[in-house]
Amino acid sequence: MTRPSRILLVDDEVVIQRALAPLLRSQGYEVDVVGTGKEAVDAVTDRSPDLIVLDLGLPDIEGTEVCRRIRRESQAPIVILSARGGEADKVAALDIGADDYVTKPFGSEELLARIRVALRRLEQSEGPELERLSVADLVIDYNRRRVLRGDEDIRLTPKEFELLELLARNVDRVLTHRTILKSIWGGNAVDQPEHVWVLVAQLRKKIERDPSSPQYLLSEPFVGYRLVSNPGRP
Amino acid sequence: MSVSEDVRSLALGCGAIGLSTWLFRQSPQVSNTTTVSLSFLVVVLLAAARAHLWVAVTLSIVSMVVLNFFFIPPLGTLTIADPQNWVALLAFLAVSLVASNLSTVARDRRREAEMRRDEVGRLFDLSRDVLLITESDAANTLLARFILRRFDLEYVAICIPLDAEWTRFESGSLGSHGLSSDDLTAAFSAAEGVPEVERTAHRRLTVGDRDVRMVPIRVGTRPFGLLATAGRPIEHGTLDALAGLVAIAIERTHFLDQQKRAEVASQREELKSALLASLGHDLRTPLTAIRVAADNLRSEWPNERERLEQSELIVAEVDRLTRLFENILEMARIDAGAVTRDARWVAPSEIVDAARSRVDPALRGRRIEISAESERLVRLDPRLTAAALSQLLENASRYSTPATSIHIGATVNDRELTITVRDHGDGIPPGDLPHVFERFYRGVRARTSRSGTGMGLAIARGLLAVEHGQISAENCADGGARFTIVVPADVK
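Described below are features of the structure shown in this document. (Residues numbered from 1 in each chain as written. Chains lettered and ligands numbered in written order. Predicted model: local features only at pLDDT ≥ 70, side-chain atom pairs only at ≥ 80, totals over all residues. Heavy atoms only, no water.)

A look at the overall build of chain B
Logical step 1: Along its length, chain B carries 13 helices and 13 strands.
Logical step 2: Counting over 492 residues, chain B shows a buried share of 41%.
Logical step 3: In chain B, once contacts between residues fewer than 6 apart in sequence are set aside, the share between residues at least 24 apart is 67%.
Logical step 4: Here chain B has roughly 26100 Å² of accessible surface; of this, 57% comes from carbon and sulfur atoms. (Helix = DSSP H or I, 4+ residues; strand = E, 2+ residues; numbered from the N terminus. Buried < 20%, exposed > 50% of the residue type's maximum accessible area, 1.4 Å probe, protein only. Contact = heavy atoms within 4.5 Å. Areas by Shrake-Rupley, 256 points an atom, 1.4 Å probe, with all protein chains shown as cover.)

A closer look at the sheet that holds strand β5 (residues 100–103) of chain A
Residues and elements named next belong to chain A.
Logical step 1: The five strands lie next to each other as β2-β1-β3-β4-β5, forming an open sheet whose pairing is parallel. The open sheet has two edge strands with one neighbour each: β2 (30–34) and β5. Across this sheet, the average inter-strand angle for adjacent strands is 20 degrees, counted without regard to direction.
Logical step 2: Together, β1 (6–10), β2 and β3 (51–55) form the strand contacts of helix α2 (residues 37–47), whose direction differs from that of β1 by roughly 170 degrees.
Logical step 3: Running at roughly 160 degrees to β5, helix α4 (residues 87–96) makes contact with β4 (78–82) and β5 of the sheet. (Pairing = 2+ DSSP bridges. Axes fitted to C-alpha atoms, helices over the stretch in contact; angles between N-to-C directions.)

Quick word on helix α11 (residues 382–398) of chain B
Logical step 1: For α11 of chain B, built from 17 residues, the straight-helix expectation of 24 Å at 1.5 Å per residue is met to within 8% by its first-to-last C-alpha distance of 24 Å.
Logical step 2: Here α11 of chain B lies mainly inside the structure; 15 of its 17 residues are buried. (Expected span 1.5 Å × (residues − 1).)

What about the pattern of salt bridges?
Residue and element names in this part refer to chain B.
Logical step 1: This structure, assessed with the given rule, holds 49 salt bridges over all chains.
Logical step 2: The salt bridge involving Asp125 is made with Arg150; its shortest N-O contact spans 3.9 Å. Here Arg150 lies in helix α5 (residues 139–150) and Asp125 lies in helix α4 (residues 83–132), a separation of 25 residues in the sequence.
Logical step 3: In this structure Asp125 comes out as partly exposed when scored by relative accessible area, which is 21%.
Logical step 4: When the shortest N-O distance is used, the salt bridge between Arg323 and Glu326 registers 3.3 Å. Of the two residues, Arg323 and Glu326 are both situated in helix α8 (residues 304–335); the distance of three residues between them amounts to about one turn of the helix.
Logical step 5: Its relative accessible area of 13% is what places Arg323 among the buried residues.
Logical step 6: The partly exposed category is assigned to Glu326, whose relative accessible area is 39%.
Logical step 7: Salt bridges linked by common partners bring Asp125, Arg128, Asp129, Arg149 and Arg150 together as one network. (Salt bridge = Lys/Arg side-chain N within 4 Å of Asp/Glu carboxyl O.)

Observations regarding the nonpolar core
Logical step 1: Core analysis: the largest hydrophobic core is formed by 40 residues, its most contacted members being Leu20, Leu51, Val53, Leu111 and Ile115 of chain A.
Logical step 2: The element that contributes the greatest number of residues to this core is helix α1 (residues 14–26) of chain A, accounting for seven residues.
Logical step 3: Residues within four places of Ile115 of chain A in sequence aside, it is in contact with Ile7, Leu24, Tyr29, Leu51 and Val53 of chain A.
Logical step 4: By size, the runner-up hydrophobic cluster in this structure holds 34 residues, among which are Ala355, Leu380, Leu392 and Val487 of chain B. (Core = buried A, V, L, I, M, F, W, Y, C linked by side-chain atoms within 4.5 Å.)

Observations regarding the sheet that holds strand β1 (residues 153–162) of chain B
Working definition: the strands of a sheet are paired by backbone hydrogen bonds and lie parallel or antiparallel to each other.
All names here are of chain B.
Logical step 1: Taking strand neighbours across the sheet as the criterion, the five strands line up as β2-β1-β5-β4-β3 in an open arrangement whose pairing is antiparallel. Of all the strands in the sheet, just β2 (165–172) and β3 (203–207) have a single pairing partner and so form its edges. Strand-to-strand twist of the sheet, defined as the mean angle between neighbouring strand axes without regard to direction, takes the value 25 degrees.
Logical step 2: The sheet contact formed by β1 and β2 spans eight bridges and is antiparallel. Note on β2: the bridge partner recorded for Leu162 is Glu165.

What to know about the environment of Ile334 of chain B
Logical step 1: Among the structural elements, Ile334 of chain B can be located in helix α8.
Logical step 2: Along the primary structure Ile334 of chain B and Val466 of chain B are separated by 132 residues, whereas in three dimensions their C-alpha atoms are 8.8 Å apart.

Topic: the interface of chain B and chain A
Often, the extent of an interface is quoted as the loss of accessible area upon association of its parts.
Logical step 1: Contact residues are listed per partner, giving 19 residues for chain B and 21 residues for chain A.
Logical step 2: With both chains or domains summed, chain B and chain A bury close to 1700 Å², and 61% of this area falls on carbon and sulfur atoms.
Logical step 3: Ranking the residues of chain B by area buried against chain A places Arg284, Thr288 and Trp301 of chain B at the top, with a combined share of 31%.
Logical step 4: Across the contact surface, chain B and chain A share one salt bridge.
Logical step 5: A salt bridge links Arg320 of chain B to Glu13 of chain A, with the nearest nitrogen and oxygen atoms 3.7 Å apart. (Buried area = accessible area lost by both parts, 1.4 Å probe.)

Observations concerning the pairing of strand β12 (residues 224–227) of chain A
All names here are of chain A.
Logical step 1: Two elements, strand β10 (residues 174–176) and β12, share three bridges in a ladder whose sense is antiparallel. From the neighbouring strand, Val174 faces β12, where its bridge partner is Arg226.
Logical step 2: Pairing of strand β11 (residues 217–220) with β12, which is carried by four bridges, proceeds in the antiparallel orientation. Across the sheet, residue Ser219 finds its bridge partner in β12, namely Tyr225.
Logical step 3: Linking β11 back to β12 in an antiparallel pair, the connection comprises three residues, with Phe222 at a positive phi of about 70 degrees.

Examining helix α13 (residues 456–466) of chain B
All names here are of chain B.
Logical step 1: A large share of α13 lies buried, amounting to eight of its eleven residues.
Logical step 2: Along α13, the residues classified as buried are Gly456, Leu457, Ala458, Ile459, Ala460, Gly462, Leu463 and Leu464.
Logical step 3: Here the buried face of α13 lies against α8, α11, β11 (470–475) and β12 (481–488).
Logical step 4: Where α13 ends, the next residue or the one after it, His468, has phi of about 60 degrees, a positive value.

Some words on the packing of helix α9 (residues 348–358) of chain B against α11 of chain B
All names here are of chain B.
Logical step 1: α11 packs onto α9 with a crossing angle of 55 degrees between their chain directions and a minimal axis gap of 8 Å. The angle between α9 and α11 places the two elements in the oblique class. Classified by chirality, the crossing of α11 by α9 is right-handed. Of the residues in α11, those touching α9 at Ile351, Val352, Ala354, Ala355, Arg356 and Arg358 are Pro382, Thr385, Ala386, Ala387, Leu389, Ser390 and Leu393.
Logical step 2: Residues that form the contact of α9 with α11 fall into these classes: nine nonpolar, two polar and two charged. (Parallel < 35°, antiparallel > 145°, perpendicular 65-115°, else oblique. Left-handed = near helix turned anticlockwise from the far one by under 90°. Nonpolar A, V, L, I, M, F, W, Y, C, P; charged D, E, K, R; others polar.)

Regarding unusual backbone geometry
With the exception of glycine, most residues fall at negative phi, and the peptide bonds are largely trans.
Logical step 1: The linkage connecting Lys104 of chain A with the following residue, Pro105 of chain A, adopts the cis geometry, with an omega of -5 degrees.
Logical step 2: Position of Pro105 of chain A relative to the elements: it lies in the loop between β5 and α5 (108–126).
Logical step 3: In this model, Asp152 of chain B sits at a positive phi of 50 degrees, which is unusual for a non-glycine residue.
Logical step 4: Looking at the secondary structure, you find Asp152 of chain B in the loop between α5 and β1.
Logical step 5: Phi at His468 of chain B takes a positive value of approximately 60 degrees, unusual for a residue other than glycine.

Written as structure tokens, this is what we have:
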């Protein structure tokens, strides 16, 4: 049996700690709880957690800065708890290297699902490189650069395949517009989100059964896109 | 130059003529007609330079007579034999006239320059005064007073037409008379048609027995008001400069006003976004905790102890939300003027008890020391006072450690009830002290960590204001903060 994953919970609100810590422990995770950004960075060095749940509104250090400092020490996935209405902080944190986010107030399942996805990705990235990925009834073959739905061969342009591959390799994880732009069009394109909109619309026409209400390639408003592995479930 | 100085100059001149006559008579070898007359001419010139024309003319006649009598043959008589001597006399007169005229002109110039300098000095002083005007409400009246003082006038009015009526900002008085609106309107409409540079824009007016001078106040070329002065006469140019200064001063206060208003507006915007941020945080945190705890309760995993913990957490957070909503509602009621005073006789200790029970959860486990007046009753609105006090208690508990005690004191004198709340926390940072009662203001320390919306103390102040009560905050010398409520009340 593998050892239980160790999660570092960073939130300054005692009530949140008291609600979340038992929940995470009940799922078999080992949980460390800290209340400030400084403690969080220290704990990352000392205890090398497998995943960090980080509240962006900490009293001592700006949330995005905490994110950056953690990234210097560790590649462990970071799931952000964002209490702020603004999307800018979320996007900034994701761009810096956070893996996912949930917006307060959230339900237990939502947070647990995000944590599971992030931990699973961690396991996969440590395992051998995959040759193909199945997303519901889609099979994405990286080597042959083909996408199949049953026997049907879905023909994609090179750019469309690039986008799908990017999303598939980060399946269930939100990718910001900026991340997508950078990895497909290069660093000069980061200010032209319309590239992404157009390409996503084209891709949806080919892979979604009903492009107007997508099931696989979901928008995260103002943040980015996410390819979901189990359509219909959070 | 006064008459006495003229007389003195005349006497000096006559003396000089007498002295030179005597000297020349003593030494006949140097005293030919030419030397004598040149000497007299010097005396006349000196007198002309110093005194008025009549002194110079008188001296030239005296010189002529003396010259004629003592030095021009036939000596000892006042007859002039030689027509050459008529020429000498005329020369005397001409020199004295020309010299005294020149000196008079120079003197007038000097006097004018001095007056100019004086008025420029006054204008300068006034401009300094203008820079000191920061308050816009009384600015124009203040300006009129400054002009009156700086220019030693008897009356100054800055008149501005507003909606067909004249607003007058006056200093000094015109006796029993005042400036009539008709006069002002006439002067103003006359000024409207006249270019800035022309003096016809100036108006003289007799009000009662005073001579009032009016000059348009212009922004650019367009007049927007009148400056009326009475008393000491002021140079035309100075009056125009004065009006220009008044225009600048009025413009300046106008800009200051706008700037202040913009500042207030931006502060209000900041407050609004601060409120939204803090409300957002204060709502989402308990909601998240409640949501997760409720999910936890629904799950299989919690044991009996964990279930109790989670349900207690829910209750505590619901209480916190309730308090938050109560505060928001209270604030809205204060803003809407919906809080009314309902006075009745009550013992001070009742108010303290009522306040404590309102914030019971926050005070749980705290040591509360109470010294409350028990002999006398006060007549006031116990709800408002208790609600205000409860805000102070909640704050005292929030900003001090649980191990320390909170002291509540209630005393009564003949006119008012005084309640103090003293904690033993860190006190209020001096920089925050002037602002603690401002709405949504949160202390430097509180802003980052502790929950709270910055409404509590503003609510307390708002509630007390309905009772004409007051609230103040201070730091105690031996640590901790003390808040004092004073409510005027009948006492028995």
